Amino acid sequence: MLTRFPPSRPSPDEMFKALTSRDRALDGVFVAAIKTTGIFCRPGCGARRPRRENVEFFATPREALHAGYRPCLRCRPLENGEIPPEFITRALRLIESNHDRRLRAADLRAAHLSPERVTRYFKSRYGLTFQAYHRARRVGRALVVVRKGRPIPAAAGFASESGFHEAFQRLFGSSPARIHTQTSAIAPSVALMRWLPTPLGPMLAGACDEGICFLEFVDRRAFEAQISALRARLGPARMILPDLPDLPAHDINPASSPRSHLVHLTRQLAEYFAASRSDFTLPLFAPGTPFQEQVWRQLRLIEPGRTCSYLDLARAINRPTATRAVARANGDNRIAILIPCHRVIASDGSLSGYGGQVWRKQWLLEHEARTPITGRT
């Protein structure tokens, strides 16, 4: 079953040693993803030992799925080594053969599968609904090009280049081929994207000339919708591109370039998670409706370590009867953590909903309560 693990875990060297020695003592602590094969395994997997440079580690199978990897058929990390029932094998095969579209209950019935039975199994054993699992595989494949800087359709589980390109274009609005012909001369209307590993799971960040325009956990349910909303707001002249290799901030010209913003974001996020920074000094670009932008500006006034209710937020913008609309605008925020929608709670003090999942909201609030106030202007 997919579960959530705490942010702390063994070092990469310790995890690689456990993987190569097939030490099952760390089963459930991490999974190892093999870049050359596109699969992820349990520490005790008996498959051929990989080279260190070809391995990356994830705290949960969910993260590996969203990174574009598929579960190993030998060690079966989703089933704890057990062979799934035949109807689940068929459901998984249906997912792998439908890269470029969403599967509905009718598709399961057409394959002589019970949607209710499949969903119960996925939820109880994998911690994801059937639709969430399919979304993870679909989005993860498209994000491979963002993570690697180049398309790797075979490692992403695609049988053909065309299937990979279709999945990528559906999410980002352009094909990888067109993207790679433009990376040498980036127009000022371009937004760059970067995959960012964090203690709470991987995030996707985006920046344009105006500032940071996107930051979201890649396993968020509304992730695809948020990407589509960003594309719509950037306009037809904009292009979502994979990030380019890192450069020191002082080597980047101009300083207000998308790449510069992403370099500074990477550094400040690392400081934030290390508890040496409580706030951010980064330009943001968050276009929305006038009401949304009003809510998002007010969110940025909530100090680290503090919270407010949706009603408090509505009153602060002189819209005391618009609590539900405020909550919707809060959920439409495309720049997590920097626009701190996680600091808004229910009037009774409960954490209420959060697009990045409530457990992350709790972690962020507890982390900020322990972090000295720094970096605020």
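Residues numbered from 1 in each chain as written. Predicted model: local features only at pLDDT ≥ 70, side-chain atom pairs only at ≥ 80, totals over all residues. Heavy atoms only, no water.

S.K.: Please explain the pairing of strand S1 (residues 31-34) as it appears in this structure.
M.R.: It is a general feature of regular strands that their side chains alternate between the two faces of the sheet. What you see with S1 is no split at all: Val31 and Ala33 on one side and Ala32 and Ile34 on the other are buried throughout. Sheet analysis places S1 next to strand S3 (residues 55-58), joined by four bridges and oriented antiparallel. Bridge pairing in S3 places Ala32 opposite Phe57. With three bridges connecting them, S1 and strand S2 (residues 39-41) associate as antiparallel partners. Directly across from Ile34, in S2, lies its bridge partner Ile39. Between the end of S1 and the start of S2, which pair antiparallel, lie four residues, with Gly38 showing a positive phi angle near 75 degrees. (Buried < 20%, exposed > 50% of the residue type's maximum accessible area, 1.4 Å probe, protein only. Helix = DSSP H or I, 4+ residues; strand = E, 2+ residues; numbered from the N terminus. Pairing = 2+ DSSP bridges.)

S.K.: How should I be thinking about the environment of Pro304 in this particular structure?
M.R.: Take Pro304: it is sitting in the loop between helix H11 (290-299) and strand S9 (308-309). The class of Pro304 is buried, set by a relative accessible area of 6%. Sequence separation of Pro304 and Leu365 is 61 residues, and the distance between their C-alpha atoms is 8.3 Å.

S.K.: Where do I start with the pairing of strand S7 (residues 211-217) in this structure?
M.R.: Counting buried positions over the seven residues of S7 gives seven, a clear majority of the element. Pairing of strand S6 (residues 203-208) with S7 involves six bridges; the strand directions are antiparallel. Each residue of the ladder has a partner; that of Ala207, found in S7, is Ile212. Here S6 folds back onto S7, and the loop between the two strands holds two residues.

S.K.: What is the right way to read the environment of Ile339 from this model?
M.R.: Relative to the helices and strands, Ile339 is located in the loop between helix H13 (323-331) and strand S10 (344-345). Exposure remark for Ile339: the relative accessible area of 2% places this residue in the buried category. The sequence separation of Ile339 and Leu215 amounts to 124 residues, and the corresponding C-alpha distance is 9.5 Å. Once you skip the residues sitting within four places of it in the chain, Ile339 turns out to touch Leu284, Ala286, Trp296, Leu299, Arg300 and Asn333. (Contact = heavy atoms within 4.5 Å.)

S.K.: Help me understand the packing of aromatic side chains in this model?
M.R.: How two aromatic rings sit relative to each other is set out by the distance from centre to centre and by the angle between their planes. Taken as a whole and judged by the stated rule, the model has 12 aromatic pairs. Taking the centre distance of 5.4 Å and the plane angle of 85 degrees together, the rings of Phe122 and Phe130 count as edge-to-face. Note on Phe130: relative accessible area 0%, which makes it buried. Members of the aromatic cluster, connected to one another through ring pairs, are Phe87, Tyr121, Phe122, Tyr126, Phe130 and Tyr133. Taking NZ or CZ as reference, Arg117 lies 3.9 Å from the ring centre of Phe87, over its face. If you follow Arg360 out to its NZ or CZ, it ends over the ring of Phe217, 4.1 Å from the centre. (Phe/Tyr/Trp six-rings, centres within 6.5 Å; stacked < 30°, edge-to-face > 60°. Lys NZ or Arg CZ within 6 Å of the ring centre and 35° of its normal.)

S.K.: Would you take a moment to explain the confidence of the model for the chain for this structure?
M.R.: Interpretation of the predicted coordinates at a detailed level should be avoided for regions scoring low in pLDDT. Per-residue confidence for the chain gives a mean pLDDT of 82; residues scoring 70 or more make up 79%. Averaged pLDDT values over the elements of the chain bottom out at 52 in helix H8 (residues 176-180) and peak at 96 in H11. With pLDDT under 50 throughout, residues 1-6 is counted as low confidence; its partners more than four residues away or in other chains account for 21 contacts. Confidence drops under pLDDT 50 across residues 180-188; counting only partners more than four residues distant or on other chains, this segment forms 12 contacts. (pLDDT = per-residue confidence, 0-100.)

S.K.: Explain unusual backbone geometry here, please?
M.R.: Peptide bonds are trans in most cases, and residues, glycine excluded, mostly fall at negative phi. Despite not being glycine, Arg22 has its phi angle at roughly 55 degrees, a positive value. By the secondary structure assignment, Arg22 is in the loop between helix H1 (12-20) and S1. In this structure, Arg76 is a non-glycine residue whose phi angle is positive, near 45 degrees. For Arg76, the location among the structural elements is in the loop between strand S4 (70-71) and helix H3 (86-96).

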